[in-house]
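# Descriptive analysis of the structure
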Amino acid sequence: MPDSPSKTVPETVGSRPAASPPPEAKSKAPRVAVASLVGTTIEYYDFAVYGTASALVLGPAFFPSGNATVSSLAAFLTFAAAFLARPLGVVLFGTIGDRLGRRQALVISLLLMGVATVGVGLLPTYETAGLLAPVLLVTLRLLQGVSMGGEWGGAVLLATEHAPPGRRALYASIPNAGPSLGFLLSTAVILPTLNIAGRDGFTDGAWRIPFLLSAVLVVIGLWVRATVSESPVFSSAARRTAQAPTPVSRFPLGTLVKEYPGRLLLGIGAAIGGSAVYYLTIVYSLSYAPKALGIPQNTMLTAASIGAAAGIAVTLPVAHLADRIGRRPLMLTGAAGSVLWAVPMYASLSSRNAVLITGAYTVGLMLLALMFSPAAAFLAELFPARLRYTGASAAFILANTLGGGFAPSIATWLNSRWESPLVLGFYTGSLCLLSLLCLLALPETRDDEFDI
């Protein structure tokens, strides 16, 4: 049963008609949505570059070992380390976003991600610096995680809280396409670099190029975000809070856990299955398939890219439909479809057929779009404005951490025992089933008032 807010707080997450942003906010909504998309794309580009590099080169470069599995596992554990740092980002940027504003939190998070990613591209390897190299790598990876903890929630809220009435899911889905676009952008840089430098040249040093290019993208992203206005919903809530007898919470996460524990836990569960699909597809399988099954690296990158592009293509239509019929019907369909499709999708790897793998990945990532396209608005609508940055971020980021951050490491361990891609399907399908059950326990939020 969804939680009720404390009686001392004069607000609810109810079912009154959605409040309308002021006219000037509506006119700025498309530009704000695009600015949010640019930021999330850059942040997930940085994250995807690291994920791909960890699958291809970071293991032997920073964690040399006589055992390839051990090196890969060490590299994937640094990938997971950033997810452990994400909750700290939720606390930090959630507090900034709910107390000082969405825009300010987003600028800081993007700058932090850029510094960390460029730093990885400049690091010495183990051969040059010894143990200092992996220590520095993990440190920068943790900074990436802190940044990601604040990025998604702020970008989605800035777009959603500027949206016209009845179009929240549509506007929220625009920055929510950033993870797939970031992966495509990373692939568009990594594939040519691999082809030009060759595998040996990429391993020797060309792997740094995608990381260093992040500096250019971050400058563009900071310029774009500096031109957008603060959320009108946040500004309105801040004015009301200043006049209310109850002061703003100094620790929004603590208030969130106290007043909305059920919604937070169910929100995490609702997003956990999709997180597993995303990270096992675009991170783990890029390493597993070539090493364990002999599938060419380019085949896997191409299959994942085509699937991601298909997911992006249906993102806006799905969001538009979610504004018409509700969030839950589409998310439930995507979760149920993913439960059924998880095993066939990863079983396609056993065929080693590029066309079959691409088709299976395309279906899987389109089902993911059914879950994640409405999820941006859905998770935000579960919480009131004064806790919305923290609430939406905590639900999504913790789902990513539990469902996605440890997925490559768990999958590596599972395949070391059973040596079959089928275990990926059973693992992913189980998490998607959990998401299905959590969605069934949550209410529809399409008609809930938002400006509270």
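The sections below set out a description of the structure shown in this document. (Residues numbered from 1 in each chain as written. Predicted model: local features only at pLDDT ≥ 70, side-chain atom pairs only at ≥ 80, totals over all residues. Heavy atoms only, no water.)

## Some words on the overall build of the protein
Looking only at helices and strands, one finds 19 helices and 0 strands in the protein. For the protein, with 452 residues in total, the buried portion stands at 62%. In the protein, of all internal contacts separated by at least 6 residues, the share reaching a separation of at least 24 is 87%. Counting only carbon and sulfur atoms, one obtains 69% of the accessible surface of the protein, whose full area is about 16400 Å². (Helix = DSSP H or I, 4+ residues; strand = E, 2+ residues; numbered from the N terminus. Buried < 20%, exposed > 50% of the residue type's maximum accessible area, 1.4 Å probe, protein only. Contact = heavy atoms within 4.5 Å. Areas by Shrake-Rupley, 256 points an atom, 1.4 Å probe, with all protein chains shown as cover.)

## Some words on the pattern of salt bridges
By the definition in use, this model includes 8 salt bridges. A salt bridge links Asp 323 to Arg 327, with the nearest nitrogen and oxygen atoms 3.1 Å apart. Between Glu 381 and Arg 327 there is a salt bridge, with the nearest N and O atoms lying 2.6 Å from each other. In this pair, Glu 381 is assigned in helix α16 (residues 354–381) and Arg 327 in helix α15 (residues 327–347), connecting sequence segments 54 residues apart. For the residue pair Glu 381 and Arg 327, the accessibility class agrees, reading buried in each case. Counted as one network, the salt bridges with shared partners bring together Asp 98, Arg 102, Glu 161 and Arg 388. (Salt bridge = Lys/Arg side-chain N within 4 Å of Asp/Glu carboxyl O.)

## Concerning the side chain of Ser 275
Looking at the element boundaries, Ser 275 is found in helix α13 (residues 261–293). We classify Ser 275 as buried; its relative accessible area is 0%. When sequence neighbours within four positions are dropped, the list of residues in contact with Ser 275 reads Phe 372, Ala 399, Asn 400, Gly 403 and Gly 404.

## Some remarks on the environment of Ala 441
One can find Ala 441 in helix α19 (residues 422–441). Look at Ala 441 and you get partly exposed, because its relative accessible area is 39%. Residues Ala 441 and Gly 262, spaced 179 residues apart in sequence, show a C-alpha to C-alpha distance of 9.9 Å.

## Focus: the packing of helix α14 (residues 297–325) against α15
Where α14 contacts α15, the two axes come as close as 7 Å, and the packing angle between them is 130°. Taken together, the axes of α14 and α15 are oblique relative to one another. On α15, the residues that touch Val 318, Leu 321, Ala 322, Asp 323 and Ile 325 of α14 are Arg 327, Pro 329 and Leu 330. Taken together, the residues of the contact of α14 with α15 break down into 6 nonpolar, no polar and 2 charged. (Axes fitted to C-alpha atoms, helices over the stretch in contact; angles between N-to-C directions. Parallel < 35°, antiparallel > 145°, perpendicular 65-115°, else oblique. Nonpolar A, V, L, I, M, F, W, Y, C, P; charged D, E, K, R; others polar.)

## Examining unusual backbone geometry
Trans is the common state for peptide bonds, and a negative phi is the common state for residues other than glycine. Positive phi is not limited to glycine here, since Arg 352 has a value of about 60°. Looking at the element boundaries, Arg 352 is found in the loop between α15 and α16. In this model, Glu 419 sits at a positive phi of 50°, which is unusual for a non-glycine residue. The residue Glu 419 is located in the loop between α18 (407–418) and α19 in this model.

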